[in-house]
Amino acid sequence: MGALDEGHYNAELGNGVNLGGDVELDFDEEPDTFAIEEAVRVLLQGLGEDFNREGLKKTPLRVAKALLEGTRGYKQNVKDIVGGALFPEAGLENKVGHAGGTGGLVLVRDLDLFSYCESCLLPFQVKCHVGYVPSAQRVVGLSKLSRVAEVFAKRLQDPTRLANEICTALQHGFRPTGVAVILQCSHINFDPAHFDPACKGWANKTLVKSGSGVFDDDVSDIWTDFLSLLRFRGVNVGDVSSRSSGEKCWCPSHAFSNIGGSSDSKILSSVSSILCSLGEDPLRKELVETPARFVKWLMNFKNSKFETKLNGHIHSIRGKTDSLISHEDEHLCCEVNLSFLSQCEHHLLPFHGVVHIGYYRSNGFTMNPVGKSILQSIVRFYGFKLQVQERLTRQIAETVSSYLGEDVMVVVEASHTCMISRGIEKFGSNTATIAVLGRFSTDPLARAKFLQIIPNSCPGEH
């Protein structure tokens, strides 16, 4: 599926609900919801989980509602969005130039969108910039540009096709002189074992563009004006590309040559069933390998025994500090920015972030490289599960305290894709959780001292 031609676009117009007003979608009683719920139960069993345990009982329904909400664009109608929002606007009178409804460039920047990657079913974020050149002394309501973009984002997507579909839909929707779309897309990290906290979990990034009408010419003056306005927002226009559908896929899952994540045909069939329930064809060439890629990702979080052999390295962390030490002989130590990537057990969506650990040791104590690697192993072990952040924080604190002593404080900072993929859509939100043991639970000055260390140590925006 490439850019929409007019025939394809007209088919889109007749396939959907009227969006003339706000629509609240209730998926609880839909047949597709029940089908996805059953498929999710199969996936949970494949992970070694009991879907009847507390915390997972409603996960199948929550996952079904999140997926149907995140792909509701298949059932939405573009024509009704634009048709009722065209307004007369005069152009220049008796002057040479372009403005108003006859040729003045209109650009809406920084529209935050969310979509699901068609190659692996993992989420990706989109920063959308869309503009057009009015014609026939008409302008379109600015909010409609965002709503049309969202219709196509709420589908299984590829950045290039998403840009093309937004551009073509707007061009056919109200016939401006031209439409331009630029997307900044960030894909969730596909490989949890190589998570880079500096990327904040979004490992693969790409810029794509699409143009119609006067924007057909990539080197036209109107494109120059459009890109110049984007420089205000820090868009590196030198990286913008117009990728064709035949070029290499941007999804990081394609970097794995052996994608066979599971030989269990029942698990793979359950993912194919989900695709059907979302309104897609699992046999479409872009989706043929999607079930295997998604299962490969999901199996990273399969229930497993504690594989890191900590007991043999206790002395590596503690050194010679096992004897009783007075508070006067101790000082605050910390290990910050221990990265993790996990899977929310409520929605089967990723969350990612960093862990900071504070503890008291004897003066002169220094954590050696082996000790640091063990702490990172503890963090990643508890991350590689179906999790909730509160439990993750507690488990790390309890395990670390058994090796570093009872005076331990753990802070976890994480971004949850379930906060942006569903109705709430809180882009940029971040959740912090704290666990305090021993002295930290009774000494507010110790807590404050550790918390003051963190902001100056964190990557990126922390």
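What comes next concerns the included structure. Computed from a predicted structure; not experimentally measured. (Residues numbered from 1 in each chain as written. Predicted model: local features only at pLDDT ≥ 70, side-chain atom pairs only at ≥ 80, totals over all residues. Heavy atoms only, no water.)

A closer look at the packing of aromatic side chains
Quick reminder of the rule: Working definition: a ring pair exists when centres of Phe, Tyr or Trp rings (six-membered ring for Trp) sit within 6.5 Å. Plane angles under 30 degrees give stacked, over 60 give edge-to-face, the rest tilted. By definition, any uninterrupted DSSP run of H or I lasting at least four residues is a helix, any uninterrupted run of E lasting at least two residues is a strand, and each is numbered from the N terminus. For the exposure calls, accessible area comes from a 1.4 Å probe over protein chains only, and a residue counts as buried if that area is under 20% of its type's maximum, exposed if over 50%, partly exposed in between.
Summed over the entire model, instances satisfying the criterion amount to eleven aromatic pairs. Between F340 and F351, the aromatic rings sit 5.8 Å apart at their centres with planes inclined by 75°, giving edge-to-face as the arrangement. Highlighted residues: F340 in strand 8 (residues 330–344) and F351 in strand 9 (residues 350–362), separated in sequence by eleven residues. Neither F340 nor F351 differs from the other in exposure class; each is buried.

Let's talk about the environment of T206
Within the fold, T206 resides in strand 7 (residues 202–213). With relative accessibility at 15%, the residue T206 sits in the buried group. With 80 residues separating them in the primary sequence, T206 and V126 have C-alpha atoms 9.8 Å apart.

Observations concerning the pairing of strand 6 (residues 178–188)
On any regular strand, side chains alternate: one points to one face of the sheet, the next to the other face. Stated formally: The rule for pairing is simple: two strands pair if DSSP sees at least two bridges between them.
Most of strand 6 sits out of view: ten of its eleven residues are buried. Examined bridge by bridge, strand 3 (residues 123–133) and strand 6 share ten bridges and lie antiparallel to one another. By the bridge assignment for strand 6, C128 is matched with L183.

Here's the deal with helix 12 (residues 389–404)
Applicable threshold: By definition here, a helix of n residues has an expected span of 1.5 Å times n minus one.
The first and last C-alpha atoms of helix 12 sit 22 Å apart over 16 residues, in line with the 22 Å expected at 1.5 Å per residue. Residues of helix 12 that are buried include every one of Q389, L392, T393, Q395, I396, A397, T399, V400, S401, Y403 and L404, and no others.

Some remarks on the pattern of salt bridges
Selection rule: Salt bridges are identified by distance alone: a Lys or Arg side-chain nitrogen within 4 Å of an Asp or Glu carboxyl oxygen.
For the structure shown, the criterion picks out 17 salt bridges. For K57, the salt bridge goes to E54, with nearest N and O atoms at 3.5 Å. Given a relative accessible area of 51%, K57 falls into the exposed group. Residue classification places E54 among the exposed residues on the basis of a relative accessible area of 64%. The network of salt bridges with common partners includes E118, R161, E165, E280, R284 and E286.

A word on the pairing of strand 2 (residues 106–117)
Burial analysis of strand 2 places nine of its twelve residues in the buried class, which makes it a mostly covered element. Strand direction decides the pairing type here: strand 2 and strand 3, joined by nine bridges, are antiparallel. When the bridges of strand 3 are listed, V108 appears paired with V130. Where strand 2 hands over to strand 3, the hairpin turn is made up of five residues, of which L121 adopts a positive phi near 65°. Here two bridges tie strand 2 to strand 5 (residues 156–157), and the two strands are oriented parallel to one another.

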